[in-house]
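Okay, here's what each chain looks like letter by letter:
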Amino acid sequence: MPSGPRSCGEVGFGAYTGPVYFMMHGVRDEERARELAAALHAALYEDLEPLSRAVPPAP
């Protein structure tokens, strides 16, 4: 039987282990791009508050 993370179910088939990239188009300025990038980064670590502030719900 193989050893390592796959045999333990820690990493599934096709799991991506590289860095995560977000492409942003049409962002009005660098400050807004940084705000969105920080909010997306926080969301990766289960902190959704910055994302909810940066992108309010649609009317």
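To start, this report covers the structure provided alongside it. Note that the coordinates shown come from a computational prediction; the quantities given were computed from them, not determined experimentally.

This part takes up the overall build of the protein chain. Within the protein chain one finds three helices and zero strands. The helix and strand sequence of the protein chain, counted from the amino end, reads α-α-α. When the accessible surface of the protein chain is summed, it comes to about 5400 Å², and 58% of that surface belongs to carbon and sulfur atoms.

Okay, the environment of Met23 next. Relative to the assigned elements, Met23 resides in the loop between α1 (5–8) and α2 (30–44). Along the sequence, Met23 and Ala37 sit 14 residues apart, while their C-alpha atoms lie 9.7 Å from each other.

Counted under the stated rule, the structure contains three salt bridges. Between Arg34 and Glu30 there is a salt bridge, and its shortest N-O distance comes to 2.9 Å. Separated by four residues within a single helix, Arg34 and Glu30 lie in helix α2, roughly one turn from each other. Comparing Arg34 with Glu30, the two get one shared label, exposed. Between Arg53 and Glu49 there is a salt bridge, with its nearest N and O atoms 3.6 Å apart. In this pair, Arg53 and Glu49 both sit in helix α3 (residues 49–54), four residues apart, roughly one turn of the helix. Its relative accessible area of 44% is what places Glu49 among the partly exposed residues.

Thresholds applied
- Residues numbered from 1 in each chain as written.
- Predicted model: local features only at pLDDT ≥ 70, side-chain atom pairs only at ≥ 80, totals over all residues.
- Heavy atoms only, no water.
- Helix = DSSP H or I, 4+ residues; strand = E, 2+ residues; numbered from the N terminus.
- Areas by Shrake-Rupley, 256 points an atom, 1.4 Å probe, with all protein chains shown as cover.
- Salt bridge = Lys/Arg side-chain N within 4 Å of Asp/Glu carboxyl O.
- Buried < 20%, exposed > 50% of the residue type's maximum accessible area, 1.4 Å probe, protein only.

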